[in-house]
Amino acid sequence: MLMLPGDFQPAILPPAEGEQPALWFVCVAGDLLVRATATGIELPVASSWPFAKWPTLRRLYLGSWQGQPCYAAEAEQGQLPPGWSLQGLRSLWGSLDEALLGIAGQALQLLEWDRNHQFCGRCGMPTQRRAEERARHCAGCGLMVYPRLSPVVMMRIVRDGQILLARAPRFAPGMYSVLAGFVEAGETLEQAIHREVAEEVGIRVGNLRYFASQSWPFPHSLMIAFAADYADGEIRVDGQEIVDAGWFTPDRLPGLPNPMSMAWRLIQDFVVNSGAAGGDGALR
Ligand SMILES: [Zn+2]
């Protein structure tokens, strides 16, 4: 589950320089700087920027975790410090500590937001960071820009013990997932679900139940998952966003998404509650 750890304390202003060792979430082109050691995957720890010869493009204080200051830094592309490598967050799932992975997700999103709003989108003047809140401000016209989140609804549809799974053209070969789509301006979450289901597979659903939510920093989504029951209609894929879809029993599932994803949790919950997979019923 990708989320900020419960004992993370967000903050805008950093503590006095060099007071205690800080965790550095160093990003280059959306990947995280890590080092593999005998005990696992590590992040840089240092009271100030640890790579004197490596310029940063921006640094943001994130807050503290278990009393340790946490910084996000975007570094220039180029030669990496010896022993360190860049990894995508998805590939670090299961190897990097889950709390650190959650903070890294926030670091990536905030760096991207900071980079993308150096200039005011309304009048074109440079913007400045606010000290009081996570925002950038335009002194020219007064516009305030906050970190952007894009809500995505995700829905697990079940009909007579079978789950609807679908393929988008960008998926890896053989992989299927639950339906999902961005919430549009003016919509409720429920309206977005009904519209997406109708557009993508041409059926209707009912009995929507909230399931869970999860941050998805690729680049700034909030996944909001629901369970739903099939109501009526026959599957008819749109051929654009969805190229194939079908009903699957829990013992005959196709390739599934990354276990870090909300989609995987929705599908796992279906399998466990169907009790049809034998043993504990959980996916592996
Ligand atoms: Zn402006």
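Residues numbered from 1 in each chain as written. Predicted model: local features only at pLDDT ≥ 70, side-chain atom pairs only at ≥ 80, totals over all residues.

Section: the overall build of the protein chain
Point 1. Helix and strand content of the protein chain: four helices and 17 strands.
Point 2. Its C-alpha atoms give the protein chain principal-axis dimensions of roughly 60 × 55 × 35 Å.
Point 3. Counting over 284 residues, the protein chain shows a buried share of 29%.
Point 4. The long-range fraction of contacts in the protein chain, counting pairs at least 24 apart against all pairs at least 6 apart in sequence, stands at 64%. (Helix = DSSP H or I, 4+ residues; strand = E, 2+ residues; numbered from the N terminus. Buried ≥ 20, exposed ≤ 12 C-beta atoms within 10 Å, placed from the backbone. Contact = placed C-beta atoms within 7 Å.)

As for the nonpolar core
Point 1. The biggest cluster of nonpolar side chains holds 62 residues, and the ones touching the most others in it are F25, A72, A107, M154 and M155.
Point 2. Looking at this core, the element that brings in the most residues is helix α2 (residues 98-116), giving nine residues.
Point 3. Each residue touching A107, except ones within four places of it in the same chain, is listed here: F25, C27, L62 and A72. (Core = buried A, V, L, I, M, F, W, Y, C linked by C-beta atoms within 7 Å.)

Observations regarding the environment of Q240
Point 1. Note on placement: Q240 falls in the loop between β16 (221-232) and β17 (244-248).
Point 2. Given 10 C-beta atoms within 10 Å, Q240 falls into the exposed group.
Point 3. Along the primary structure Q240 and W49 are separated by 191 residues, whereas in three dimensions their C-alpha atoms are 46 Å apart.

A few points about the sheet that holds strand β10 (residues 136-138)
Point 1. As summarised here, the arrangement of the three strands in space is β9-β10-β11, forming an open sheet in which the pairing is antiparallel. Edge positions in the sheet fall to β9 (127-129) and β11 (144-145), since each has one partner strand and no second.
Point 2. The pairing of β9 with β10 spans three bridges and is antiparallel. The partner of T127 across the bridge, within β10, is C138. (Pairing = 2+ DSSP bridges.)

Brief notes about the confidence of the model for the protein chain
Point 1. When pLDDT is averaged across the protein chain, the result is 93; 96% of the residues are at 70 or more.
Point 2. Low pLDDT (under 50) marks residues 277-281, which in the prediction has six contacts with non-local residues, meaning those over four places away or in another chain. (pLDDT = per-residue confidence, 0-100.)

Quick word on the environment of E98
Point 1. Structurally, the position occupied by E98 is in helix α2.
Point 2. Residue E98 is classed as partly exposed on the basis of its 14 C-beta neighbours within 10 Å.

Some words on α2
Point 1. With 19 residues, α2 should cover 27 Å at 1.5 Å per step; its first-to-last C-alpha distance of 27 Å lies within 8% of that length.
Point 2. By the criterion of burial, α2 is predominantly enclosed, with 14 of the 19 residues buried. (Expected span 1.5 Å × (residues − 1).)

Side note on the pairing of strand β13 (residues 162-167)
On a regular strand, each side chain points to the face opposite its neighbour's, so the side chains alternate between the two faces of the sheet.
Point 1. In terms of residue burial, β13 counts as a mostly covered element, since five of its six residues are buried.
Point 2. Here strand β12 (residues 150-159) folds back onto β13, and the loop between the two strands holds two residues, one of which, D160, carries a positive phi near 50°.
Point 3. Where β13 meets β17, five bridges bridge the pair, whose relative direction is antiparallel. Following the sheet pairing, L164 is matched in β17 by W247.

As for the domain arrangement of the protein chain
Point 1. Per the domain assignment, the segments making up the protein chain are domain 1 (8-116), domain 2 (118-148) and domain 3 (150-274).
Point 2. Taken over C-alpha atoms, the centre of domain 2 sits 36 Å from the centre of domain 3. (Domains from an automatic or database assignment.)

Focus on unusual backbone geometry
Point 1. In this structure, the amide linkage connecting F218 to the following residue, P219, adopts the cis form with an omega of 0°.
Point 2. Relative to the helices and strands, P219 resides in the loop between β15 (204-216) and β16.
Point 3. Its identity as a non-glycine residue notwithstanding, A29 has a phi of 50°, on the positive side.
Point 4. Tracing the backbone shows A29 in the loop between β2 (22-28) and β3 (31-37).

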